[in-house]
Amino acid sequence: MITLSWLFVIAVAAGIFALIDGITRARGRGSSVISIIEIIAAVLFLLSLFFPGIPFGSLVLAIITTVLLVIQLVLRGGRRRGGLAVTVIALVLFILWIVLSQRWIVIPGVS
């Protein structure tokens, strides 16, 4: 059974934004190899939230996806301004989830 918490909602939102970013970059003129890796990492991250047997675990997949989002942010690839917002939102949500899930910062009611 899945427990609905703010940390879970942040993780799902981060995974969905990263998946949307990867799909739009794969369809555009960006670096498609990194986009495909980002799509795979985002899908595995989302699956690891629901199923316990996914390799590497949620934390490692979140770190991999965060690194890929930073690379995609640096290599923008001629995208419009609206696409930049999706990348930044996904990056912020992943960093927030990593910090809160590792209890580096404890916010009552969230982590």
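J.: Just to check I follow, could you spell out the packing of helix α1 (residues 6-27) against helix α2 (residues 32-50) for this structure?
T.: Two measures define how a pair of helices packs: the angle their axes make with one another and the distance between the axes. The interhelical angle for the contact between α1 and α2, taken along N-to-C directions, is 155 degrees, at an axis separation of 8 Å. As far as their axial angle goes, α2 and α1 are roughly antiparallel. For the element pair α1 and α2, the recorded crossing hand is left-handed. Each of F8, A11, V12, G15, I16, A18, L19, D21, G22, I23, R25 and A26 in α1 lies in contact with α2, whose residues at this interface are S35, E38, I39, A42, V43, F45, L46, L49 and F50. Of the residues assigned to the contact of α1 with α2, the class counts are 15 nonpolar, three polar and three charged.

J.: It is not clear to me how the packing of aromatic side chains should be interpreted in this structure. Could you clarify?
T.: Within a pair of aromatic rings, the relevant descriptors are the distance that separates the centres and the angle that separates the planes. All chains considered together, the criterion is met by three aromatic pairs. Between F45 and W97, the aromatic rings sit 5.3 Å apart at their centres with planes inclined by 80 degrees, giving edge-to-face as the arrangement. Highlighted residues: F45 in helix α2 and W97 in helix α4 (residues 81-101), separated in sequence by 52 residues. Judged by its relative accessible area of 0%, F45 is buried. Through a chain of ring-to-ring contacts, the aromatic side chains of F45, F94 and W97 assemble into a single cluster.

J.: Would you mind going over the nonpolar core with me for this structure?
T.: A general tendency of soluble globular proteins is for nonpolar side chains to be buried together. A18, F45, L49, A62, L69, F94 and W97 are the most contacted members of the largest nonpolar core, which totals 22 residues. Broken down by secondary-structure element, the contributors of at least two residues to this core are α1, α2, α3 (57-74) and α4. When sequence neighbours within four positions are dropped, the list of residues in contact with L69 reads A18, D21, E38, T87, A90, L91 and F94.

The rules behind each value
- Residues numbered from 1 in each chain as written.
- Predicted model: local features only at pLDDT ≥ 70, side-chain atom pairs only at ≥ 80, totals over all residues.
- Heavy atoms only, no water.
- Axes fitted to C-alpha atoms, helices over the stretch in contact; angles between N-to-C directions.
- Helix = DSSP H or I, 4+ residues; strand = E, 2+ residues; numbered from the N terminus.
- Parallel < 35°, antiparallel > 145°, perpendicular 65-115°, else oblique.
- Left-handed = near helix turned anticlockwise from the far one by under 90°.
- Contact = heavy atoms within 4.5 Å.
- Nonpolar A, V, L, I, M, F, W, Y, C, P; charged D, E, K, R; others polar.
- Phe/Tyr/Trp six-rings, centres within 6.5 Å; stacked < 30°, edge-to-face > 60°.
- Buried < 20%, exposed > 50% of the residue type's maximum accessible area, 1.4 Å probe, protein only.
- Core = buried A, V, L, I, M, F, W, Y, C linked by side-chain atoms within 4.5 Å.

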